[in-house]
Amino acid sequence: MLGILNKVFDLNKRELKRLTKTAEKIEALASSMESLTDDEIRAKTEEFKARYQKGETLDQMLEEAFAVVREAAKRVLGLYPYPVQLMGGAALHEGNISEMKTGEGKTLTSTMPVYLNAISGKGVHVVTVNEYLVTRDATEMGQLYDFLGLSVGLNLNGLSKEEKQAAYAADVTYSTNNELGFDYLRDNMVLYKEQKVQRPLNFAVIDEVDSILIDEARTPLIISGSAQKSTKLYIQANAFVSRLKVEEDFTYDEKTKGVQLTEDGMTKAEQAFGIDNLFDVTHVSLNHHITQALKAHSSMHNDVDYVVQDGEIIIVDQFTGRLMKGRRYSDGLHQAIEAKEGLEIQNESMTLASITFQNYFRMYDKLSGMTGTAKTEEEEFRNIYNMNVVSIPTNREITRDDKADLIYSSTDGKFRAVVEDIAGRYFKGQPVLVGTVAIETSEIISKYLTKKGIPHNVLNAKNHGREAEIIQDAGTQGAITIATNMAGRGTDIKLGKGVKELGGLAVLGTERHESRRIDNQLRGRSGRQGDPGITQFYLSMEDELMRRFGSDNMKNMMSRLGMDDTQPIQSKMVSKAVESAQKRVEGNNFDARKQLLSYDDVLRQQREILYTQRNEVLDSENLRAIVEKMISSSLTRNVAAFASQQEEDEQWNYSGLIDFLNGNLLPEGDIKVDDIRGKEADEVTELIFAKIIERYDEKEENMQPDQMREFEKVIMLRAVDSKWIDHIDAMDQLRQGIHLRAYGQIDPLREYQQEGFVMFENMIAAIEEDVAKYVMKAEIRNNLERQEVAKGQAVNPKENEGGKAAKKKPVVKPMDVGRNDPCICGSGKKYKNCCGV
């Protein structure tokens, strides 16, 4: 084990040796840069851009570019990067994580690789955890970039589309991680390519990288909303369909389970719903509801395909006969069955788009990050993000005194000891930062201090508005600040006048966090840039971490020795046991995140395929070739279903095929049974496809070319978006129930991958079916308009990023039927006595 550790540290030593040489080369250019005028320094940016265009690489320009930024920072900001900052900047440029302690100037360090990579003109994103830090850094460092001739964009929540486009078009864009992710998802829901805001993802520097890529890795960004489907429309479609007669109003093929309305059925639908043409583009949703209601009545049977239990439809596995709780039929079929069985129809609020930070940030061409604490998670950074952690030495030696943990028997005894320690330091004038794991703990300590009459500030989620102000004053004489461990990340606590003489900032931890990294982050608040400081953790045998990892023996020993709550033990053995417990928890959390990523990768691959194809649709001027391919694919699939090559000609379902063509692709009578009888399946497909192209050409002749092209886009986008939303929902349902497969000695992940692949293939087939049907059958109007399938809002489980959901615009407005009006199903009865019962 020791050998492995030595190798790891040797790797870091080798990296530091190499980076030190790079820093020395940059320092050697200092005098030549100093001799340049402001205009000559500024002109360097255009010179670098020209050199890059001629083929010189960014790596070849690194020393000179860093030296330019260093000199510019001295002139503009009054700051001159130290050699260790040059090393940190070089590590960032190489796509690694620079672990730099608190107060070492990470923000200034990032300016050098950001400037160098902005030379390419592809854009650089600087990512921070909250909008206060983003705005602060963009304002302060923006002066430097402005001086060097680079544009700076600030991407905040609530900006208009035009403002966001301008922010992303800048050479350097400052943004929170949440806003970047939501913008990516929104960009892949737009109806026109001009509505997109992001450019291709080039290079990102993530501040507090461990917080974003580790702590928030399991928190998906979600855009959720209600798909534009009304539960009322399901009821109306069900009432209408229940009156239809098979063969007369619709055809049903037992083998393929396909349903098609006949001409009579279409006429009845138009009369029942008071519309002129069922295949008008505005009635796509109504048509879909009727089709799903037909399927629910014809092909889905109670106690065969599903059972009704406790007011819910539960699917029966066709292969095993087991109930598949948690699974739902997609594409509105589940709701159609609920309407058929007279059950309450489940709300169709669903996920429209989602992505995890793990998968979003892995899409960048190059990714780097900075933090004070990353070494403990190095394996995860390397395995998942392909980033190495480079521990950069401090500019000045750390003189902080890290005391061994004090362990008390009970929580109450621990809190009293913490308060006594705070009081002693307060009366001496030494500032104290108290770190707590939970908001509840911070409020308990606050009550104790209030009783003692000690003024203090509490910084937690309930008071985050004053975060910057509280943290700025936390290093002044007599300041007592209670904060949750993560509060104040990214802001330095600078010592006030006379505080160094009092021993610097005292950091008191009231509990060990389950991650060593968070404890180290808290310790790092004290002792910046060689300042004095002291850190002390107070633990009790009743702390969650101690309870989880067998503190009973230790507690009994303390009792036997007659130690009460006023007597702590200070034991290296206990401290090691705590660290060991933390390592185990970190390992468990890493495994959980890795498992999550394995599942999420299935959807990631599907998302990338679909988004790529959707972008092709938006970018294409003419979709006819793609539409023809989709029609051909749909036709081939259906001909194979009705006229299988494994069967004799006599067994082919000619009438079923004709019904399918009449209902989906061609006018009635265009193809008759005699036209296809006796031909091979390939010949049948060829004959029908030729007739379809003939009709397609006729349709195009009757329209303006640009109108036809827009019509194709409207149909394609609607089909892709509606099916994708249903697919995400179906995958989510599959994911929730898949772990139960483990009880049958089946690998849930493999099952999820296999079933997810089949579901994706089915979704692609459903998109092709829809596009083929509506391009060939839909009526084209002059006022064609692309419409969103659903309106959504950005949702982060930790905070609502999207404000109020936009008002929905349904595709089809369901009819308001009065109780005494004639029933829409055509029975002749009043609605209250028929379907409205």
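Higher on the page you've got the structure.
Conventions used here
- Residues numbered from 1 in each chain as written.
- Predicted model: local features only at pLDDT ≥ 70, side-chain atom pairs only at ≥ 80, totals over all residues.
- Heavy atoms only, no water.
- Helix = DSSP H or I, 4+ residues; strand = E, 2+ residues; numbered from the N terminus.
- Buried < 20%, exposed > 50% of the residue type's maximum accessible area, 1.4 Å probe, protein only.
- Contact = heavy atoms within 4.5 Å.
- Areas by Shrake-Rupley, 256 points an atom, 1.4 Å probe, with all protein chains shown as cover.
- Expected span 1.5 Å × (residues − 1).
- Pairing = 2+ DSSP bridges.
- Axes fitted to C-alpha atoms, helices over the stretch in contact; angles between N-to-C directions.
- Parallel < 35°, antiparallel > 145°, perpendicular 65-115°, else oblique.
- Left-handed = near helix turned anticlockwise from the far one by under 90°.
- Nonpolar A, V, L, I, M, F, W, Y, C, P; charged D, E, K, R; others polar.
- Salt bridge = Lys/Arg side-chain N within 4 Å of Asp/Glu carboxyl O.
- Patch = residues over 30% accessible without salt bridge, like charges linked within 9 Å, V, L, I, M, F, W, Y side chains within 5 Å.
- Lys, Arg positive; Asp, Glu negative; His and termini not counted.
- Charge placed at Lys NZ, Arg CZ, Asp CG, Glu CD.
- Arc of directions from axis to C-beta.
- Phe/Tyr/Trp six-rings, centres within 6.5 Å; stacked < 30°, edge-to-face > 60°.
- Polar contact = N/O pair within 3.5 Å; in protein donor to acceptor, adjacent residues only side chain to side chain.
- Core = buried A, V, L, I, M, F, W, Y, C linked by side-chain atoms within 4.5 Å.

1. Topic: the overall build of the protein
Step number 1: Helix and strand counts for the protein stand at 29 helices and 22 strands.
Step number 2: Expressed as a percentage of its 837 residues, the buried residues of the protein come to 54%.
Step number 3: For the protein, long-range pairs separated by at least 24 residues make up 75% of all intrachain contacts whose partners lie at least 6 apart in sequence.
Step number 4: Of the roughly 37600 Å² of accessible surface on the protein, a fraction of 48% belongs to carbon and sulfur atoms.

2. Section: helix 18 (residues 439-452)
Step number 1: Taking 1.5 Å of rise per residue, 14 residues should cover 20 Å, and helix 18 covers 20 Å from first to last C-alpha, within 8% of that figure.
Step number 2: Looking at the packing, one finds that the buried side of helix 18 touches helix 17 (411-428), strand 17 (432-436), strand 18 (457-459) and strand 19 (480-484).
Step number 3: In the stretch just after helix 18, Gly453 is the one whose phi turns positive, near 75 degrees.

3. Overview of the pairing of strand 13 (residues 366-371)
Step number 1: With five of six residues buried, strand 13 is to be regarded as a mostly interior element.
Step number 2: Pairing geometry for strand 1 (residues 97-99) and strand 13, over three bridges, is parallel. Within strand 13, the residue paired with Glu99 across the bridge is Thr371.
Step number 3: Pairing between strand 5 (residues 203-207) and strand 13: five bridges, direction parallel. Bridge assignment links Phe203 to a residue of strand 13, and that residue is Lys366.

4. A closer look at the packing of helix 5 (residues 83-93) against helix 6 (residues 106-118)
Think of two packed helices as two axes; the pair is described by the angle between the axes and how far apart they sit.
Step number 1: Running from amino to carboxyl end, helix 5 crosses helix 6 at an angle of 45 degrees, the nearest separation of the two axes being 8 Å. Judged on the interaxial angle alone, helix 6 and helix 5 are oblique. Considering only the axes of helix 5 and helix 6, their crossing is right-handed. Every residue of helix 6 that contacts helix 5 at Gln85, Leu86, Gly88, Gly89, Leu92 and His93 is listed here: Leu108, Thr109, Ser110, Met112, Pro113, Leu116 and Asn117.
Step number 2: Grouping the constituent residues of the contact of helix 5 with helix 6 by class yields six nonpolar, seven polar and no charged.

5. Side note on the pattern of salt bridges
Think of it this way: side chains of opposite charge can pair up when their charged atoms draw near.
Step number 1: For the coordinates displayed, the defined rule picks out 55 salt bridges.
Step number 2: Ionic pairing is found between Lys500 and Asp531, a salt bridge with its closest N-O pair at 3.5 Å. Here Lys500 is found in the loop between strand 19 and strand 20 (505-509), whereas its partner Asp531 is found in the loop between helix 20 (516-523) and strand 21 (533-540), with 31 residues between them in sequence.
Step number 3: Looking at Lys500, the relative accessible area reads 48%, which means it is partly exposed.
Step number 4: Between Glu769 and Arg637 there is a salt bridge, with its nearest N and O atoms 3.3 Å apart. In this pair, Glu769 is assigned in helix 29 (residues 748-777) and Arg637 in helix 24 (residues 624-642), connecting sequence segments 132 residues apart.
Step number 5: When its relative accessible area of 32% is taken as the criterion, Arg637 is described as partly exposed.

6. A look at the sheet that holds strand 4 (residues 172-176)
Step number 1: Strand order in the open sheet formed by seven strands is 3-4-2-5-13-1-14, with parallel pairing between adjacent strands. At either end of the open sheet lies a strand with only one pairing partner, and these are strand 3 (152-155) and strand 14 (389-391). Strand after strand, the sheet turns through a mean of 20 degrees between neighbouring axes, direction not considered.
Step number 2: This element, helix 7 (residues 131-147), spans strand 2 (124-128), strand 3, strand 4 and strand 5 of the sheet and lies at about 165 degrees to strand 4.

7. Description of the environment of Ile315
Step number 1: Topologically, Ile315 is positioned in strand 10 (residues 312-316).
Step number 2: On the accessibility criterion, Ile315 (8% relative accessible area) is buried.
Step number 3: Along the backbone, Ile315 and His334 are 19 residues apart, and their C-alpha atoms lie at a distance of 9.3 Å.

8. Side note on a negative patch on the surface
Step number 1: Side chains of Glu680, Asp682, Glu683 and Glu686 sit close together on the surface and give a patch of like negative charge.
Step number 2: The residue Asp682 is located in helix 27 (residues 681-701) in this model.
Step number 3: You can call Asp682 exposed: its relative accessible area is 54%.

9. Re helix 12 (residues 263-272)
Step number 1: Within the span of helix 12, buried status applies to Gly265, Met266, Ala269, Glu270 and Ala272. Looking down the long axis of helix 12, one finds its buried residues gathered within 165 degrees of arc, a one-sided arrangement.
Step number 2: The first or second residue beyond helix 12 is Gly274, which carries a positive phi of 65 degrees.

10. Regarding the packing of aromatic side chains
Step number 1: Inspection of the entire model under this criterion finds 14 aromatic pairs.
Step number 2: Between Phe381 and Tyr385, the aromatic rings sit 6.3 Å apart at their centres with planes inclined by 45 degrees, giving tilted as the arrangement. Residue Phe381 and its partner Tyr385 are located together in helix 16 (residues 378-385), separated by four residues, close to a single helical turn. Accessibility classification places Phe381 together with Tyr385 in one group, the buried group.
Step number 3: Ring geometry for Tyr611 and Trp724: centres 6.3 Å apart, planes at 65 degrees, overall edge-to-face. In this pair, Tyr611 sits in helix 23 (residues 572-619) while Trp724 sits in helix 28 (residues 705-738), placing the two residues 113 residues apart along the sequence.
Step number 4: Judged by relative accessible area, Trp724 falls into the buried class, the value being 5%.

11. A word on the side chain of Glu179
Step number 1: Relative to the helices and strands, Glu179 resides in helix 9 (residues 177-187).
Step number 2: Of the polar contacts made by the side chain of Glu179, one reaches the side chain of Arg186; its length is 3.0 Å.

12. Side note on the nonpolar core
Step number 1: Counting 113 residues, the largest nonpolar core has Leu213, Ile290, Phe361, Phe381, Leu665 and Ile688 as the members making the most contacts within it.
Step number 2: Here this core takes 14 residues from helix 28, the largest share from any one element.
Step number 3: With near-sequence residues (within four places) excluded, Ile688 lies in contact with Leu635, Val639, Leu657, Leu661, Leu666 and Ile671.
Step number 4: Formed by 49 residues, the second largest nonpolar core is a distinct cluster that contains Leu62, Tyr115, Val126 and Leu148.

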